[in-house]
Amino acid sequence: MTGPPRGEKYRGRMSDTPEITDSHCHLDFPDFDGQLDTIIADAAAAGVTRMVTICTRLKQEPAVRAIADAHAPVFYAAGTHPMSVANEPMASADQLIALARHPKFVGIGETGLDYHYTSESADAQQDSLRIHIAAARETGLPLIIHARDADDDIARILTEEYRNGAYTCVMHCFSSGAALAHAALDLGFYLSMSGIAAFPKSGDLRAIFASAPVERILVETDAPYLAPPPHRGKRNEPAYTAHTARVGAELFGLDYADFAARTQHNFDRLFTKAAAWAPA
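This is a predicted model, so every value here is computed, not measured. (Residues numbered from 1 in each chain as written. Predicted model: local features only at pLDDT ≥ 70, side-chain atom pairs only at ≥ 80, totals over all residues. Heavy atoms only, no water.)

Turning to the overall build of the protein chain, a few remarks are in order. Looking only at helices and strands, one finds 12 helices and 8 strands in the protein chain. Compactness check: the protein chain gives a C-alpha radius of gyration of 17 Å against a globular reference of 19 Å for 280 residues, within 12% of the reference. Taking the principal axes of its C-alpha atoms as reference, the protein chain extends roughly 50 × 40 × 35 Å. Counting the 280 residues in the protein chain, one finds 57% classified as buried. For the protein chain, the proportion of contacts with a sequence separation of at least 24, taken over those separated by at least 6, is 74%. Split by element, the accessible area of the protein chain, about 11300 Å² in all, is 50% carbon and sulfur. Computing the positive centroid from 25 side-chain charges and the negative centroid from 35, the protein chain places the two 3 Å apart. (Helix = DSSP H or I, 4+ residues; strand = E, 2+ residues; numbered from the N terminus. Rg over C-alpha atoms; globule rule 2.2 N^0.38 Å. Buried < 20%, exposed > 50% of the residue type's maximum accessible area, 1.4 Å probe, protein only. Contact = heavy atoms within 4.5 Å. Areas by Shrake-Rupley, 256 points an atom, 1.4 Å probe, with all protein chains shown as cover. Lys, Arg positive; Asp, Glu negative; His and termini not counted. Charge placed at Lys NZ, Arg CZ, Asp CG, Glu CD.)

In terms of nonpolar packing, the biggest core is built from 71 residues, with Leu 143, Ile 154, Leu 158, Met 171 and Leu 191 touching the most fellow members. Per-element tally for this core: the top contributor is helix α6 (residues 122-139), with 5 residues. If near-sequence neighbours (up to four positions away) are discounted, Ile 154 is found in contact with Gly 112, Leu 113, Leu 129, Ile 145, His 146, Ala 147, Met 171 and Leu 180. Phe 75, Val 170, Phe 271 and Ala 274 belong to the second-largest nonpolar core, a separate cluster that totals 14 residues. (Core = buried A, V, L, I, M, F, W, Y, C linked by side-chain atoms within 4.5 Å.)

Before going further, it helps to examine the packing of α6 against helix α7 (residues 151-164). Any two packed helices are characterised by the angle at which their axes cross and by the distance between the axes. Where α6 meets α7, the closest approach of the two axes is 11 Å, and the angle between their N-to-C directions is 35°. Between α6 and α7 the crossing geometry is right-handed. Here α6 contributes Gln 126, Leu 129, Arg 130, Ile 133 and Arg 137 to the contact with α7, which in turn contributes Asp 153, Ile 154, Arg 156, Ile 157, Leu 158, Glu 160, Glu 161 and Asn 164. For the contact of α6 with α7, a count of residues per class yields 5 nonpolar, 2 polar and 6 charged. (Axes fitted to C-alpha atoms, helices over the stretch in contact; angles between N-to-C directions. Left-handed = near helix turned anticlockwise from the far one by under 90°. Nonpolar A, V, L, I, M, F, W, Y, C, P; charged D, E, K, R; others polar.)

On to the side chain of Glu 220, then. On the secondary structure map, Glu 220 appears in the loop between β8 (217-219) and α10 (241-251). One polar contact links Glu 220 to Ser 192, side chain to side chain, over a distance of 2.8 Å. Leaving out residues up to four positions away in the same chain, Glu 220 has contacts with Asp 22, Ser 23, His 24, His 172, Cys 173, Ser 192, Met 193, Ser 194, Gly 195, Thr 241 and Thr 244. (Polar contact = N/O pair within 3.5 Å; in protein donor to acceptor, adjacent residues only side chain to side chain.)

For α6, which comprises 18 residues, the first-to-last C-alpha distance of 26 Å matches the rise-based estimate of 26 Å (1.5 Å per residue) to within 8%. Within α6 the residues assigned to the buried category are Ala 122, Gln 125, Gln 126, Ser 128, Leu 129, His 132, Ile 133, Ala 135 and Ala 136. The inward-facing, buried residues of α6 contact α4 (93-99), β4 (105-114), α5 (115-118), β5 (143-148) and α7. A positive backbone phi angle near 80° is found at Gly 140, which sits one or two residues after α6. (Expected span 1.5 Å × (residues − 1).)

Moving on, we get to the sheet that holds strand β7 (residues 190-193). Taken together, 8 strands build an open sheet; the order of strands is β1-β2-β3-β4-β5-β6-β7-β8 and the sheet is parallel. Strands with a single pairing partner mark the edges of an open sheet, and in this sheet they are β1 (20-25) and β8. Neighbouring strand axes in the sheet, compared pairwise and without regard to direction, differ in orientation by 30° on average. Sheet topology note: the β1/strand β2 (residues 48-55) ladder contains 4 bridges and is parallel. Bridging across to β2, Asp 22 finds its partner in Met 51. Helix-sheet contacts for α7 involve β4, β5 and β6 (169-171), and the interaxial angle to β5 is about 155°. (Pairing = 2+ DSSP bridges.)

Another point: the environment of Val 48. By secondary structure assignment, the location of Val 48 is in strand β2. Judged by relative accessible area, which is 1%, Val 48 ranks as buried. Val 48 sits 10 residues away from Thr 38 along the chain, and the two C-alpha atoms are 13 Å apart.

Turning our attention to the confidence of the model for the protein chain. Looking at the protein chain, pLDDT values average 94 and 95% of them are 70 or higher. Across residues 1-14, confidence stays below pLDDT 50; counting only partners more than four residues off in sequence or on other chains, it has 33 contacts. (pLDDT = per-residue confidence, 0-100.)

The next subject is the pairing of β7. Residues Tyr 190 and Ser 192 line one face of β7 and the alternating positions Leu 191 and Met 193 line the opposite face, and both faces are buried. With helix α8 (residues 178-186) bridging β6 and its parallel neighbour β7, the resulting β-α-β unit is right-handed. Where β7 lies against β8, 3 bridges are found, and the strand directions are parallel. Opposite Met 193, over in β8, you have Val 219 as the bridge partner. (Right-handed = clockwise from strand over helix to strand, strands pointing away.)

Next up, the structure:
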């Protein structure tokens, strides 16, 4: 990689700390009210020089967009979270495509299926997922998938829709089974490691990640949720991406700087709009 390091590009940061990206967080949640300047500065100190904050209800998109506009290291994505589909107006592909014109809008979602808490809306969730896929296909932006207790339907729909036209995708906060991981990887998609992968009892999940190509791995927090050790049980924040990334480095037998660099390349390959962005 040539040119100035990203931290210098965004913040004038000079540090030997390897740079990584929190590919999924929720900076608009009340947990961070009035604290974003500190949260982002703490992230930069930990080497987290970029983050993607996710809008889960389209009516909140203006507030999420404002956060990205106000903070150079922050990008954003928007969609209707599957757990909200029953209580929100159904998004249209045209609506999502129009939002994607913003220069810091870099992904479609999060979308997906959640049968753990909201199985009663399964049909509407599947309709919403297909709409988000159409928008991802049209815009060329990556689809951001939430999957919980719906592995078979997720794999089926992602595969069916891919046959209708290629698109890119990340399985956010991946904690599903090996079959869904393999289906996603077979389609050329990415798996994102969250703090769950660092939990002591997540050995089976770590084995799934370890069997995947390192070129398909991203890291994230899903902040304010799922803080990795040593912060488990507390509010998560983008700086803690570094803890999960260190677990990832161990899984793949890489030193931390090498793993960090690889995940940066992976993020740039998938989130091409974020990679190309430069402040005005």
